[in-house]
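# Tertiary structure, described
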Amino acid sequence: MKKSTENANRLVIFLCWAAYTAAYLGRLNLNAYIEPIRDQLGASKTELGLVSSFFFFSYGIGQLVHGILSRKYNTRYSVAIALVGSAAVNIGMAFCSNVELMKYIWLLNGVFQSVLWSSVIKTLSEYMRDDMLSKAVFVISTPPALGTFLAYGISAAFSSFNLKYKWIFILPAIILLIMGLVWFVLFGRLKDKKVFINNKNNITSEKKFALTPIFIFTSVFLIIAAVSNGFIKDGVTTWTPSILKESYGMKESLSILATVALPLIAIAGAFVSTAIHKRMKNTSALNGVFYITELFVLALVIFTARSSSLKNPIILLVLFGVSAMLMSAINNVITSIIPLYMREKMDSGLLAGVLDTFCYVGSTLSTALLGFIADNSGWSGVFNCLLVFGAIACAACWLSAAVEKRNNNRQNN
């Protein structure tokens, strides 16, 4: 029975990982192919940045709504519907040439995709044995990086062949449709085997959690860290190809291909945060360490961009790679480690949905705001803006860590 349960747990982890990786192909394809789309449609950075922001806006609100409602969802159906719905929206984008209409089609994509994270975390929270939890946390933290890698890799290949932008939406639509059907069929068979009945501690046990002033206080700081994480992470990923093309004269297809390296490095961030968390349980302090390092990296970006002797695309990519790793580490702490390790006290799906909402508030701000800044103040203005957001988040994390430490000392005394 134990072996059967372990195998079933592994299959659930794989299904959650595959579903969420596929989802990234159908959400980042617009951002990954933003330069070819802009050229083919004759649109500005601000216009296409706004299309992307419409997705982040609906995704962020949807995360909050579905996080609250997810405890009532049958995830076999909710995940399948979300994947198939996103596939349909991508088909709609493929045959749309009006930027104004694209905003509303892509907004609908955010509605469907916002179902996924809270449903996936709910599934893992309900069915994972305690000894499988750390493995689940690490595996489910990799889809953002791997999905980004695949999305930008496909975009680089399409750009090198000068393909029309419709193909960057059609291919993910096919993958999403197949994954939706696979999830529905395999998850149905797993539930029929009834091998999880002893693992549903998170449903059957009563959550015991006190909404204390300390929790509210530290939650505000956590929200600031989450918003800044989304702002920096998606801002850097979205606009790196444009920066390489305009500031360093790199060919369009090569600039997209060079960006592919960023998410590969980011996967290391998920591993690092999971490993360090085993020793540093104070998640605010953990995020504070990552944000301090990020400030140093962004300061180097600004310094090298202003130096004629150090202004080199390789240096920029190395620095952005380290930034991607750090942002991935912070994102893993906020959206995976905190919700899953608090599953005995709070509903993991709800907490994951709420925290991911605030990450996407930052993402919503970043694509449109950074596009606007780039149009009006150049890329130096973009780098300065990223530095400001990083500094605010760093201060918030260390204030939260100090408050938590003082509160723990009082309780121990």
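Each remark here, short or long, concerns the structure printed above.
Read on for a plain summary of the structure. (Residues numbered from 1 in each chain as written. Predicted model: local features only at pLDDT ≥ 70, side-chain atom pairs only at ≥ 80, totals over all residues. Heavy atoms only, no water.)

### Considering the packing of aromatic side chains
Taken as a whole and judged by the stated rule, the model has 16 aromatic pairs. The interplanar angle of 70 degrees and the centroid separation of 5.5 Å between the aromatic rings of F55 and F56 together place this pair among those described as edge-to-face. The class of F56 is buried, set by a relative accessible area of 3%. Arranged with centres 6.5 Å apart and planes meeting at 85 degrees, the rings of Y165 and F169 form a pair that is edge-to-face. Comparing Y165 with F169, the two get one shared label, buried. Following the ring pairs from residue to residue traces out a cluster consisting of F55, F56, Y59, W106, Y165 and F169. (Phe/Tyr/Trp six-rings, centres within 6.5 Å; stacked < 30°, edge-to-face > 60°. Buried < 20%, exposed > 50% of the residue type's maximum accessible area, 1.4 Å probe, protein only.)

### Overview of the nonpolar core
Counting 120 residues, the largest nonpolar core has L124, F169, W183 and Y291 as its most contacted members. For this core, the leading source of residues is helix α17 (residues 348-412), giving 17 residues. (Core = buried A, V, L, I, M, F, W, Y, C linked by side-chain atoms within 4.5 Å. Helix = DSSP H or I, 4+ residues; strand = E, 2+ residues; numbered from the N terminus.)

### Remarks on helix α9 (residues 143-160)
Here α9 spans 25 Å end to end across 18 residues, near enough to the 26 Å set by a 1.5 Å rise per residue. Considered for burial, the residues of α9 that qualify are P143, P144, A145, G147, T148, A151, Y152, S155, A156, F158 and S159. A positive phi of about 55 degrees marks N162, the residue just after α9. (Expected span 1.5 Å × (residues − 1).)

### Details of helix α15 (residues 283-306)
Here α15 is 24 residues long and its end C-alpha atoms lie 35 Å apart, about the 34 Å a rise of 1.5 Å per residue gives. For α15, the side-chain oxygen to backbone nitrogen distance between the N-cap and S284 is 3.1 Å, and the N-cap itself is N282. (Polar contact = N/O pair within 3.5 Å; in protein donor to acceptor, adjacent residues only side chain to side chain.)

### Observations regarding a nonpolar patch on the surface
A cluster of nonpolar side chains, contributed by F57, I61, L64, V65, I68 and L69, occupies part of the molecular surface with about 520 Å² of accessible area. Within the secondary structure, I61 sits in helix α4 (residues 45-69). When its relative accessible area of 44% is taken as the criterion, I61 is described as partly exposed. (Patch = residues over 30% accessible without salt bridge, like charges linked within 9 Å, V, L, I, M, F, W, Y side chains within 5 Å. Areas by Shrake-Rupley, 256 points an atom, 1.4 Å probe, with all protein chains shown as cover. Salt bridge = Lys/Arg side-chain N within 4 Å of Asp/Glu carboxyl O.)

### A closer look at the pattern of salt bridges
Under the counting rule described, the total for this entry stands at 7 salt bridges. The shortest N-O distance in the salt bridge between R38 and E35 comes to 2.9 Å. Here R38 pairs with E35, and both are found in helix α3 (residues 34-41), just 3 residues apart, close to one helical turn. Comparing R38 with E35 shows no difference in burial state: the two are buried. Between K122 and E126 there is a salt bridge, and its shortest N-O distance comes to 2.6 Å. Pair noted here: K122 and E126 are both in helix α7 (residues 116-127), with a separation of 4 residues, about one helical turn. Accessibility assignment for this pair places K122 and E126 in one class, buried. Through salt bridges with shared partners, one network takes in E35, R38, D39, K245 and E246.

### Points about the state of the cysteines
Inspection of every chain in the model, using the stated rule, returns 0 disulfides. C394 takes part in no disulfide bond, and the closest cysteine sulfur, belonging to C397, lies 6.9 Å away. (Disulfide = S-S within 2.5 Å.)

### Overview of the side chain of T274
With respect to the helices and strands, T274 occurs in helix α14 (residues 261-277). Classification of T274 as buried rests on a relative accessible area of 10%. Of note is the side chain of T274, whose polar atom sits 2.8 Å from the backbone oxygen of A270. With near-sequence residues (within four places) excluded, T274 lies in contact with S134, V137, F138, N332 and I337. (Contact = heavy atoms within 4.5 Å.)

### Remarks on the packing of helix α12 (residues 213-248) against helix α13 (residues 252-259)
Between α12 and α13, whose axes approach to 8 Å, the crossing angle comes to 140 degrees. Classified by the interaxial angle, the pair formed by α12 and α13 is oblique. Two packed elements cross with a definite hand, and for α12 against α13 that hand is right-handed. Counting all contacts with α12, which are made through T237, T240, P241, L244 and K245, the residues of α13 involved are E252, S255, I256, A258 and T259. (Axes fitted to C-alpha atoms, helices over the stretch in contact; angles between N-to-C directions. Parallel < 35°, antiparallel > 145°, perpendicular 65-115°, else oblique. Left-handed = near helix turned anticlockwise from the far one by under 90°.)

### What to know about the environment of V333
Counting through the fold element by element, V333 comes out in helix α16 (residues 313-341). The class of V333 is buried, set by a relative accessible area of 0%. Between the alpha carbons of V333 and K281 there is a distance of 11 Å; along the sequence they are 52 residues apart. The contact partners of V333, leaving out residues within four places of it in the chain, are S273, T283, L286, N287 and I338.

### Considerations on the packing of helix α8 (residues 133-140) against α14
Two elements in contact, α8 and α14, have axes whose closest approach is 9 Å; the angle formed by their N-to-C orientations is 155 degrees. Judged on the interaxial angle alone, α14 and α8 are roughly antiparallel. For the pair α8 and α14, the sense of crossing is right-handed. In contact with S134, V137 and F138 of α8, α14 contributes A270, F271 and T274. Residue composition of the contact of α8 with α14, by class: 4 nonpolar, 2 polar and no charged. (Nonpolar A, V, L, I, M, F, W, Y, C, P; charged D, E, K, R; others polar.)

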